[in-house]
Amino acid sequence: MDNNRKNLNLQSWLAISFVIVIGSVAFIGWLTDHAAVAAVLPGIHRMTFNTACCFLMIAIALILPSILKEHVNLLITTLGSFVAILGFLVLFEDLANIHLGIDQLIIDQSEAYYDSPHPGRMSPLTSFSFLLSGMVVVWLGRSASAAPSQIILPGTIITIAVLSLLNLAMQTLFPDLPKDIVHFTSMSTFTSFAFLMISITLWTRYKQQEAHQKQTILQAGVSLMQRLNYSRKILLIALILMIPFIYSTRFMILEVSDNISKSQMEKVGLEYIKTVS
């Protein structure tokens, strides 16, 4: 992983710093005094302990290439896999209406969510967004050739951003939704902004990986041309130029052959009509 691929731009650093601050405040609040943190940052009390942990793990995975040189891909893949698996399990809990015991595995959050049927459980929209985010982090942690198609990866990142924006819009336009609908469809404001910031950083990492892949292919071509002497360079260029010529000639021959076959069939048909009439 070269230096150009490691470094994040300023807006990505600001975005991921926001995620780290929000995740750390919620994380420390659950470990110390949740009520005091909620008083300082109203609304952050809706961010569960698992949500804070997932945000911190994604943020760490995204900044690892900028601070480490060895075993980066392994660490990124491990963190991304953990987030994706946790998001899937929580989503499965809601869809299957079961309780796996992971919502309050580390911290008892029943007092803070006394009015919730599932204290400490992130909403399905949040868990789904973590599932997508974790998958993107895993894909970015792998080699560029092992990443999914150029449609799936950016499409997934855009989906994360769209979900967070839709949730912010829904909170603004429909602030008094029933609690059961709110649980399934909404995230807290801090969570929505954090996912939006994550999508910005994921997009930056994706574009860096894409540029790195193109640069690698270009460097391989330049290296090959430098090793060849003048006559072999001319031969290689001629062979490359021959490829489209051969394909176009092949298609032209097939088309001519098809026209000849049609003409012969028409001729046979006309002769048959003459014999019948």
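Quick note: structure is the one above.
Everything numeric here is computed off the predicted structure, so don't read it as measured data.

## Let's talk about the overall build of the protein chain
Piece 1. Across its full length, the protein chain holds 10 helices and 0 strands.
Piece 2. Mapped in sequence order, the helices and strands of the protein chain form the string α-α-α-α-α-α-α-α-α-α.
Piece 3. By residue count, 39% of the 277 residues in the protein chain fall in the buried class.
Piece 4. Considering only residue pairs separated by 6 or more positions, the protein chain has 73% of its internal contacts joining residues 24 or more positions apart.
Piece 5. Within the structure as shown, the protein chain displays about 16,400 Å² of accessible surface, and the carbon and sulfur contribution to it stands at 69%.

## Here we look at the packing of helix α4 (residues 49-67) against helix α5 (residues 72-96)
Piece 1. In the contact formed by α4 and α5, the axes pass within 9 Å of each other and the chain directions differ by 155 degrees. By the angle between their axes, α4 is roughly antiparallel relative to α5. In this structure, the crossing between α4 and α5 has a hand that is left-handed. Side by side, α4 and α5 meet where Asn 50, Cys 54, Met 57, Ile 58, Ile 60, Ala 61, Leu 64 and Pro 65 of the first sit next to Val 72, Leu 75, Ile 76, Leu 79, Phe 82, Val 83 and Leu 86 of the second.
Piece 2. When its residues are assigned to classes, the contact of α4 with α5 shows 14 nonpolar, 1 polar and no charged.

## Re helix α7 (residues 152-173)
Piece 1. Taking 1.5 Å per residue, 22 residues should reach 32 Å; α7 reaches 31 Å between its end C-alpha atoms and fits that length.
Piece 2. Of all the residues in α7, the buried ones are Leu 153, Pro 154, Thr 156, Ile 157, Ile 160, Ala 161, Leu 163, Ser 164, Asn 167, Leu 168 and Met 170.

Rules used in this analysis
- Residues numbered from 1 in each chain as written.
- Predicted model: local features only at pLDDT ≥ 70, side-chain atom pairs only at ≥ 80, totals over all residues.
- Heavy atoms only, no water.
- Helix = DSSP H or I, 4+ residues; strand = E, 2+ residues; numbered from the N terminus.
- Buried < 20%, exposed > 50% of the residue type's maximum accessible area, 1.4 Å probe, protein only.
- Contact = heavy atoms within 4.5 Å.
- Areas by Shrake-Rupley, 256 points an atom, 1.4 Å probe, with all protein chains shown as cover.
- Axes fitted to C-alpha atoms, helices over the stretch in contact; angles between N-to-C directions.
- Parallel < 35°, antiparallel > 145°, perpendicular 65-115°, else oblique.
- Left-handed = near helix turned anticlockwise from the far one by under 90°.
- Nonpolar A, V, L, I, M, F, W, Y, C, P; charged D, E, K, R; others polar.
- Expected span 1.5 Å × (residues − 1).

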